[in-house]
Amino acid sequence: PAAMSRRVVRQSKFRHVFGQPVKADQMYEDIRVSKVTCDSSFCAVNPKFVAIIVESGGGGAFIVLPLAKTGRVDKNHPLVTGHTAPVLDIDWCPHNDNVIASASEDTTVMVWQIPDYVPVRNITEPVVTLEGHSKRVSIISWHPTARNVLLSAGCDNLVILWNVGTGEMLLALDDMHTDLIYNVGWNRNGSLLVTTCKDKKVRVIDPRKQQIIAEKTKPHDGTRPIRAIFVADGKIFTTGFSRMSERQLGLWDLVRDGGSSLANPTDLSPARNALGALWQCGDSSIRYFEITDEAPYVHYLNTYSSKEPQRGMGFMPKRGLDVSKCEIARFFKLHERKCEPIVMTVPRKSDLFQDDLYPDTPGPEPALEADEWLSGKDAEPILISLRDGYVPIKNRELKVVKKNILDSKPPPGPRRSHSTCDSDFSQPALDEVLEEIRALKETVQAQEKRISALENKLCQFTNGTD
């Protein structure tokens, strides 16, 4: 009985977690956050930058601010402009903190290289433009472990996987969704996708086999949009509404007995505890939950409430948190005219590194190349320790190598060309063109090195005068 009375409150290392907004001078003020009607977070964050989709006349734009550049933002601060219609989603590359992708109503996806210094003018030239959708693109997501693999999903009900390093389309997942796609999420090693759709189905897809391996119809009975993500141990966490518009959560297990459905988990394999936070656009609170292997599996912890509704939300990766202050999450809440960081902390008496709060976390190095992943290889994320804190890596240039059509030899067999030009006669001319291309490539590479060196000098100069 005594033991039972002591077990009134469930034991949890996150039990006393609390959220707190930063001081006014640590916010980002005077930002015209986009008013476009789209179910997007409008914000993306990494250990170097915060990016926010903003209002822009005559096209789409987003602003990129160094994390330390808090306070009032100059109205003439350079933007990233290149889309001809509003930007709907942005996502930082997990393997390069200076590379960000943007999706737009203009049906394109663009990938940008952001310099470490604040540029003088708007950034207008993307590193690569990816064209393949026929309607607006509302979702983009980088592969968690493979270098340069990017997913996009549009209002044409199409999911496309790209190799950003070559600008090529790797895979197109069509005929899988009968209606508008609400959200797409990768599992931990990037071997599977989970999607939600207006047809009220949650699908688990193997993108390389182009197969739906499991699906669940109506995990929540309400008519409002459903969201789904993979949690670390492979379970699927969903949010939705009942018929009476009450909010609902669901945790689902992939059925492995040859069936192709999702089931409510009855016996979860033990996994590292996970903390999740839920927010909704237009709401003014953030609720956080802990997911464990102990029934009822999803445990409510606390709520952060404020007076102002949120327009969108960014989420800092674990490697960007301050471990010395026991910070376990940092949200970047968007208002109409500002961005407000909210720090979530677990109070601890000791100043020592808290191993239980900071298990090794995915670092910035990819585990696979795009070709390896496409050929069928899988790899878990390469983990790093946060014991000594994380220092962001210096700017690494994204190199895009377009496939040379001259490299592909003509098919064997008789020539069907109606050209009157003799093949022997055209060979020297072709060699001459190839030689010119080689010379031009060498010149461009030399100029790239020179530009990079000058940018580094400028960066050092501006850093020294700040």
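Residues numbered from 1 in each chain as written. Predicted model: local features only at pLDDT ≥ 70, side-chain atom pairs only at ≥ 80, totals over all residues. Heavy atoms only, no water.

Defined as follows: UniProt positions are given in the numbering used here, feature names are shortened, and annotations may be inferred rather than shown by experiment.
The name an unreviewed UniProt entry gives the protein chain is Coronin, with Pycnonotus jocosus as the organism. On record in UniProt, under Sequence similarities (unreviewed entry), the comment for the protein chain is "Belongs to the WD repeat coronin family."

## What about the overall build of the protein chain?
Put simply, the rule reads: Helix numbering and strand numbering both begin at the N terminus, where a helix is a DSSP run of H or I of at least 4 residues and a strand a DSSP run of E of at least 2. Type-normalised accessible area, obtained with a 1.4 Å probe on protein chains alone, sets the label of each residue: buried when under 20%, exposed when over 50%, and partly exposed for intermediate values. The contact rule is simple, with two residues in contact once any of their heavy atoms fall within 4.5 Å. Reported accessibility uses the Shrake-Rupley method at a 1.4 Å probe radius. Residues are deemed covered only where the shown protein chains occlude them.
Assigned secondary structure in the protein chain consists of three helices and 31 strands. Relative to its full complement of 466 residues, the protein chain shows a buried share of 45%. Long-range pairs, those at least 24 residues apart, make up 53% of the contacts in the protein chain with a sequence separation of at least 6. Entry remark: accessible area of the protein chain is about 25,100 Å², with carbon and sulfur atoms responsible for 51%.

## A look at the sheet that holds strand β3 (residues 43-45)
Selection criterion: When DSSP finds at least two bridges between two strands, those strands are taken to pair. Geometry is summarised by axes, namely lines fitted to C-alpha atoms with helices restricted to the contacting stretch, and by angles between N-to-C directions that run from 0 to 180 degrees.
The strand order β3-β4-β5-β7 describes an open sheet built from four strands, whose pairing is antiparallel. What marks the edges here is a single partner per strand, and that holds for β3 and β7 (80-83). Taking the axes of each pair of neighbouring strands and ignoring which way they run, one obtains an average angle of 20° across the sheet. Across three bridges, the pairing between strand β5 (residues 60-66) and β7 is antiparallel. Looking at β7, one finds that Gly 60 is bridged to His 83.

## Section: the nonpolar core
As a reminder, the rule being used: Residue types Ala, Val, Leu, Ile, Met, Phe, Trp, Tyr and Cys, when buried and joined through side-chain atoms within 4.5 Å, form a set referred to as a nonpolar core.
Ile 31, Val 50, Ile 52, Phe 62, Ile 114 and Phe 332 are the most contacted members of the largest nonpolar core, which totals 38 residues. Elements that contribute at least two residues to this core include exactly β3, β4 (49-54), β5, β8 (87-92), β10 (108-113) and β28 (327-334). For this core, the leading source of residues is β4, giving six residues. Apart from the residues within four sequence positions on either side, Ile 52 is in contact with Ile 31, Val 33, Phe 42, Cys 43, Phe 62, Ile 63, Ile 90, Leu 334 and Cys 339.

## Structural notes on the side chain of Thr 238
Heads up, the rule is: Counting of polar contacts relies on pairs of N or O atoms within 3.5 Å, with two restrictions inside protein: one atom must be capable of donating a hydrogen and the other of accepting it, and residues adjacent in sequence are counted only when both atoms are side-chain atoms.
Following the sequence through the fold, Thr 238 ends up in strand β21 (residues 236-241). With a relative accessible area of 1%, Thr 238 lands in the buried category. Among the polar contacts listed, one links the side chain of Thr 238 to the side chain of Trp 252, at a separation of 2.9 Å.

## Digging into the pattern of salt bridges
Defined as follows: Criterion for a salt bridge: a side-chain nitrogen of Lys or Arg within 4 Å of a carboxyl oxygen of Asp or Glu.
Tallied over the entire structure, the rule returns 16 salt bridges. With a closest N to O distance of 3.1 Å, Arg 72 and Asp 30 form a salt bridge. Of this pair, Arg 72 sits in strand β6 (residues 71-72) while Asp 30 sits in the loop between β2 (28-29) and β3, placing them 42 residues apart in sequence. For Asp 30, a relative accessible area of 35% puts it in the partly exposed group. Residue Lys 235 is joined to Asp 233 by a salt bridge in which the shortest nitrogen-to-oxygen separation is 3.8 Å. Looking at Asp 233, the relative accessible area reads 31%, which means it is partly exposed.

## Notes on unusual backbone geometry
The phi torsion of most residues other than glycine is negative, and most of the peptide bonds are trans. Of note, the bond from Ala 295 into Pro 296 is cis; its omega dihedral lies within 30 degrees of zero at 5°. Positionally, Pro 296 belongs in the loop between β25 (285-291) and β26 (298-305). Here the phi dihedral of Ser 245 falls at roughly 65°; this positive angle occurs in a residue that is not glycine. Within the element layout of this structure, Ser 245 appears in the loop between β21 and β22 (247-254).

## Re the sheet that holds β8
Taken in spatial order, the four strands of this open sheet run β8-β9-β10-β11, and their pairing is antiparallel. The sheet is open, and its two borders are formed by β8 and β11 (128-131), each paired with just one other strand. The average angle at which neighbouring strand axes cross in this sheet is 20°, direction not considered. With five bridges connecting them, strand β9 (residues 99-104) and β10 associate as antiparallel partners. When the bridges of β10 are listed, Ala 103 appears paired with Val 109.

## Observations regarding the UniProt feature "repeat: WD" (unreviewed entry) in the protein chain
The UniProt record marks residues 80-114, 130-172 and 174-215 with the feature "repeat: WD" (unreviewed entry), using the residue numbering of this structure. With 0% helix and 63% strand, residues 80-114 has end C-alpha atoms that lie 9 Å from one another.

## Re the packing of aromatic side chains
Rule in force here: Only rings of Phe, Tyr and Trp enter the pairing, Trp through its six-membered ring, and a pair is recorded when the two centres are within 6.5 Å. The plane angle decides the type: under 30 degrees is stacked, over 60 is edge-to-face, the rest tilted. By definition here, charges over rings are those cases where NZ of Lys or CZ of Arg is within 6 Å of the ring centre and within 35 degrees of the ring normal.
The tally for this structure, following the rule as stated, stands at seven aromatic pairs. With a centroid separation of 5.7 Å and an interplanar angle of 70°, the aromatic rings of Phe 289 and Tyr 300 are classed as edge-to-face. Of this pair, Phe 289 sits in strand β25 while Tyr 300 sits in strand β26, and the two are eleven residues apart along the sequence. Since its relative accessible area comes to 13%, Phe 289 is described here as buried. For Tyr 300, a relative accessible area of 49% corresponds to the partly exposed category. The ring of Phe 241 is capped by Arg 224, whose NZ or CZ atom sits 4.1 Å from the centre of that ring.

## As for the state of the cysteines
How we decide: Here, a disulfide means two cysteine sulfur atoms that sit within 2.5 Å of each other.
Overall, the coordinates contain zero disulfides when judged by the stated rule. Just so you know, Cys 155 is unpaired, no disulfide at all, and the nearest cysteine sulfur is the one on Cys 38, 7.5 Å from it.

## A closer look at the pairing of strand β14 (residues 159-163)
Summarising burial for β14: five of the five residues are buried, a large majority. The side-chain alternation of β14 yields two buried faces, one formed by Val 159, Leu 161 and Asn 163 and the other by Ile 160 and Trp 162. Across five bridges, strand β13 (residues 149-154) lies against β14 in antiparallel orientation. Paired with Ser 152 across the bridge in β14 is Ile 160. For β14 and strand β15 (residues 168-173), the ladder comprises five bridges, and the chain directions are antiparallel. Following the sheet pairing, Leu 161 is matched in β15 by Leu 171.

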